[in-house]
Amino acid sequence: MKKVIAVIVFLAVAVGLGLWWKSSTAEKKITVLATEIVTRGTVRKVLEQTGIVKSQVGAIIKIGTRATGTIDKMMVKVGDPVKKDQLVAQIDSRELEAQATEARAKLAAVQAELNRVEQSYPLRINEARHDLALTRARADYLHNNYLRQQKLADRNVISKDTIEDVYQQAEVETNQVSVKQSTLERLQREFTDEAAKARAAVKQAEASLAALDVRKSYTRIYSPISGVVSQVTAQEGETIVAGLQVANLITVLDPARLEMWTYVDETDIGQVHPGQPVEFRVDAYPGRVFKGTVDTIYPEPEIRDNIVYYRALVKINPEQATYLRPEMTTQVQIIVAVKDDVLDIPNNALKWVDGRQVVFVQNSDGKIRQVTPELGLAGVTHTEVVEGLTAGDKVATQLVLPGNKEKKGKP
């Protein structure tokens with residue numbers, strides 16, 4: 001009986017030791033759930049940021065008027081496409097038309113006065129010049145006659161009264177020469193002054209008429225750009241009063257002139273520079289990737305929630321702009337570096353063990369070996385391998401490590 005009990009105890013101990021050994025060795029075994037083959041491909045390092053689609057400077061124009069009056073015609077409504085220089089609204093201009101008619105009449109009057117001055121004064125000056133020449137000729141004749149009569153008087157051929165009469169006539173004509181000369185000079189001065197005054201009056205009338213034409217042009221509102229009407233703030237029949245500020249009537253948006261503002265964290269801004277390629281997505285088109293390049297990095301920071309950001313501006317070409325709208329939120333990837341035809345592994349094949357990144361490689365015989373590769377460029381989904389692995393190696397992307405009940409699917 002004792003021997004039977006001893007045998008039973010021995011068997012129980014043996015079974016217990018066997019179960020313990022089996023469970024102990026099972027805990028040390030690595031279970032691979034998923035693998036991938038190491039290949040050559042492209043690795044891209046990107047910065048993932050958030051952006052906002054904005055209209056470019058000058059793409060949104062608020063069209064106003066400096067004229068005061070009633071809106072006669074409003075040719076557009078919200079959503080209407082417009083072309084550059086298209087008439088979009090017209091304000092009552094009857095008062096300005098009347099003032100312009102009065103200004104044109106005044107211009108005609110002063111122009112007629114200028115024509116009168118330019119035509120009459122040259123004739124009067126020419127007449128005075130001929131009169132002066134005639135008076136000078138008579139004065140010369142009388143002076144010469146006096147000299148001849150003086151010789152006769154010296155020989156007592158003529159009387160003293162006769163010589164005095166001849167002398168008086170010569171003196172009178174000589175004085176008339178001075179008078180005629182003064183008259184000619186006065187007419188010349190008057191012509192210069194009157195012509196200048198008439199020309200100034202013409203210029204003033206022309207300026208007044210031009211000013212009225214400018215004011216009248218304010219009553220016809222044209223679109224300065226091509227685009228779409230995004231806002232109309234007044235309707236036909238309303239009275240617009242223009243004061244110190246221009247009264248805004250219509251807002252026109254050019255939907256093709258868009259850009260994207262990307263907010264880059266201060267820790268990443270050193271890796272961003274103009275010319276870098278950019279890819280971004282919007283929720284409205286989840287399957288579409290839009291592309292652009294960094295155009296400008298604003299030097300002034302923006303602080304949000306105590307985090308410093310710098311704005312990187314990305315231009316959007318007109319073709320892509322047809323799918324986008326201002327104020328759309330974008331998920332942005334700024335491509336910092338790209339390496340083509342390099343050995344790479346998926347990021348979920350990298351595991352942290354004892355403070356270092358390792359890769360578990362499954363051999364052809366099914367055994368698992370642990371490798372610490374030398375890594376290069378780290379991308380979003382894959383990382384470059386410089387040394388430690390070769391193309392064709394099978395690396396574990398999901399596995400269970402000894403003593404761990406959960407799947408290890410993350411790096």
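Once that is clear, we can look at helix 2 (residues 94–154). End to end, helix 2 covers 89 Å across 61 residues, agreeing with the expected 90 Å (1.5 Å per residue, within 8%). Of the residues one or two after helix 2, Asn156 is the one with positive phi, at around 60°.

Below, the discussion takes up the sheet that holds strand 7 (residues 220–222). Strand order in the open sheet made by the four strands is 7-6-4-9, with antiparallel pairing throughout. Looking at the sheet topology across the chains shown, the edges are occupied by strand 7 and strand 9 (239–240).

What follows covers the pattern of salt bridges. The tally for this structure, following the rule as stated, stands at 17 salt bridges. The shortest N-O distance in the salt bridge between Lys315 and Asp295 comes to 3.9 Å. Taken together, the residues Lys315 in strand 14 (residues 307–316) and Asp295 in strand 13 (residues 285–304) connect sequence positions 20 residues apart. Residue classification places Lys315 among the partly exposed positions, given a relative accessible area of 39%. Across the pair Arg311 and Glu302 runs a salt bridge whose closest N-O atoms are separated by 2.6 Å. One connected set of salt bridges, linked through shared partners, spans Glu97, Asp213 and Lys216.

On to the packing of aromatic side chains. Scanning the model with the defined rule gives five aromatic pairs in all. The interplanar angle of 20° and the centroid separation of 5.4 Å between the aromatic rings of Phe280 and Phe290 together place this pair among those described as stacked. Linking Phe280 in strand 12 (residues 277–282) with Phe290 in strand 13, this pair joins segments that are 10 residues apart in sequence. Judged by its relative accessible area of 0%, Phe290 is buried.

Further remarks concern the confidence of the model for the protein chain. Where the model shows low pLDDT, its predicted coordinates should not be examined in detail. Averaged over every residue, the pLDDT of the protein chain is 84; residues scoring 70 or more account for 90%. Here helix 1 (residues 2–27) stands out as the element of the protein chain with the lowest mean pLDDT, 47, in contrast to strand 12, whose mean of 94 is the highest. Low pLDDT (under 50) marks residues 17–27, which in the prediction has two contacts with non-local residues, meaning those over four places away or in another chain. In the model, residues 405–411 has pLDDT below 50 throughout and makes 21 contacts with residues more than four positions away in sequence or in other chains.

Take unusual backbone geometry next. Positive phi, normally seen in glycine, also occurs at Asp305, with a value near 50°. Examined against the element boundaries, Asp305 turns out to sit in the loop between strand 13 and strand 14. Take Asp305: its relative accessible area is 74%, and that puts it in the exposed class. Phi is positive for Asp354, which is not a glycine, with a value near 50°. Among the structural elements, Asp354 can be located in the loop between strand 16 (351–353) and strand 17 (356–362). By relative accessible area, which is 74% here, Asp354 ends up exposed.

Rules used in this analysis
Residues numbered from 1 in each chain as written. Predicted model: local features only at pLDDT ≥ 70, side-chain atom pairs only at ≥ 80, totals over all residues. Heavy atoms only, no water. Helix = DSSP H or I, 4+ residues; strand = E, 2+ residues; numbered from the N terminus. Expected span 1.5 Å × (residues − 1). Pairing = 2+ DSSP bridges. Salt bridge = Lys/Arg side-chain N within 4 Å of Asp/Glu carboxyl O. Buried < 20%, exposed > 50% of the residue type's maximum accessible area, 1.4 Å probe, protein only. Phe/Tyr/Trp six-rings, centres within 6.5 Å; stacked < 30°, edge-to-face > 60°. pLDDT = per-residue confidence, 0-100. Contact = heavy atoms within 4.5 Å.

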